[in-house]
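What the coordinates show
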Amino acid sequence: MIFALRELPLVNSAAGVPLRSRPRPIVTLYVAGPNGRLVGLDALVDSGCDDVVLPHTALRSLGFAPGSGVAGSTSGVGGRTTTIYHPVRLEIRAAPNDRVAWNATVGFAQLPHQLALFGVAGGLEFFHATLNVIDRQLGLVPHPIIPLASPCVSPHVPFGVP
């Protein structure tokens, strides 16, 4: 599966002024929870992130009950936060007939930015990943150990729709 890197502005944090753009490895991660609704989230592919981490605001859209899940604590560049873990079905698509779906336990947290994080546990651990910045491509090849699931079939629900 080949994905084009996305150009994102590099912003001067003090002035809030865009300086230039940088290619970033971002994929749309489709997530299905207990209500079966499919939510699409843009996720930064991050080999330095231990887990797949989604914004806590997606919990309701996916059908998780308030207060449910297994709580943990995570830390990163944005500081320390509480993370709630739930089992979900994930899917990535490079093209209509080039997609893979699998089951994983992922974290939900208050993220300091707009992107979900496609980290190692539940995500990159199931792929051979190649980042080619010169050609502006990300390659993700599913590994045979991936816990495959049926492709997500429910209608796509834009993030933020209850």
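Our structure is the block above this text.
As a convention, each chain's residues are numbered from 1 in the sequence order in which they are written. A pLDDT threshold of at least 70 governs which residues receive local features in this predicted model, and a stricter bar of 80 or more applies before side-chain atom pairs are shown or counted, although totals over entire chains, interfaces and linings include all residues. To get the side-chain values, take all heavy atoms of the structure and skip hydrogens and water.

1. Digging into the pattern of salt bridges
Take a side-chain nitrogen of Lys or Arg and a carboxyl oxygen of Asp or Glu: if they are within 4 Å of each other, that pair is a salt bridge. This model, assessed by the stated rule, comprises 4 salt bridges. Note that Asp42 and Arg6 form a salt bridge whose closest N and O atoms lie 3.0 Å from each other. In this pair, Asp42 is assigned in strand E5 (residues 38-45) and Arg6 in strand E2 (residues 6-12), connecting sequence segments 36 residues apart. Overall, the relative accessible area of 33% leaves Asp42 in the partly exposed class. Runs of H or I in DSSP of at least four residues are treated as helices and runs of E of at least two as strands, each being numbered from the N terminus. Throughout this description, buried means an accessible area under 20% of the type-specific maximum (1.4 Å probe, protein chains only), exposed means over 50%, and partly exposed covers the range between.

2. Some details on the side chain of Asp51
With respect to the helices and strands, the residue Asp51 is situated in the loop between E5 and strand E6 (53-55). Judged by its relative accessible area of 17%, Asp51 falls in the buried class. Should any heavy atoms of two residues lie within 4.5 Å, those residues are considered in contact. The contacts of Asp51, once residues within four sequence positions are left out, are Tyr85, Leu117, Gly119, Val120 and Ala121.

3. Brief notes about the sheet that holds strand E12 (residues 137-142)
Here, any two strands with at least 2 DSSP bridges between them count as paired. Within the open sheet, the 3 strands sit side by side as E1-E12-E11. Their pairing is antiparallel. In this open sheet, the two edge strands, each paired with only one partner strand, are strand E1 (2-4) and strand E11 (127-132). Strand-to-strand twist across the sheet, computed as the mean angle between neighbouring axes with direction ignored, equals 20°. In this structure, E1 lies alongside E12, joined through 3 bridges in antiparallel fashion. The residue bridging Phe3 from the neighbouring strand is Leu138, located in E12. Note on method: axes are straight lines fitted to C-alpha atoms, helices fitted across the in-contact stretch only, with angles between N-to-C directions ranging 0 to 180 degrees.

4. Notes on the nonpolar core
Of all hydrophobic cores here, the largest spans 32 residues; its most connected members are Leu29, Ile92, Trp102 and Phe118. Where this core is concerned, the elements lending two or more residues are strand E4 (26-32), E5, helix H1 (58-62), strand E8 (79-95), strand E9 (98-109), strand E10 (116-118) and E12. Examining the composition of this core, we find that 5 residues originate from one element, E9, more than from any other. For Ile92, the residues in contact, after removing those within four places along its chain, are Met1, Phe3, Val27, Thr28, Leu29, Asp98, Arg99, Val100, Trp102, Phe127 and Leu140. We call a set of buried Ala, Val, Leu, Ile, Met, Phe, Trp, Tyr and Cys residues a nonpolar core when their side-chain atoms join them within 4.5 Å. Formed by 5 residues, the second largest nonpolar core is a distinct cluster that contains Cys49, Ala109, Leu111 and Leu117.

5. A look at the environment of Leu148
Counting through the fold element by element, Leu148 comes out in the loop between E12 and strand E13 (156-158). Here Leu148 falls in the exposed class, since its relative accessible area comes to 58%. C-alpha separation for the pair Leu148 and Glu91, spaced 57 residues apart in sequence, amounts to 9.7 Å. Excluding residues that lie within four positions of it along the chain, Leu148 makes contacts with Val100, Ala101, Trp102 and Asn103.

6. With respect to the pairing of E4
Burial within E4 is extensive, with 6 of its 7 residues counted as buried. Relative to E5, E4 runs antiparallel, the two being bridged by 7 bridges. Counterpart to Ile26 in the pairing with E5 is Leu44. Joining the antiparallel neighbours E4 and E5 is a turn of 5 residues, in which Gly36 adopts a positive phi near 80°.

These results come straight from atomic positions and should not be treated as a statement about function.
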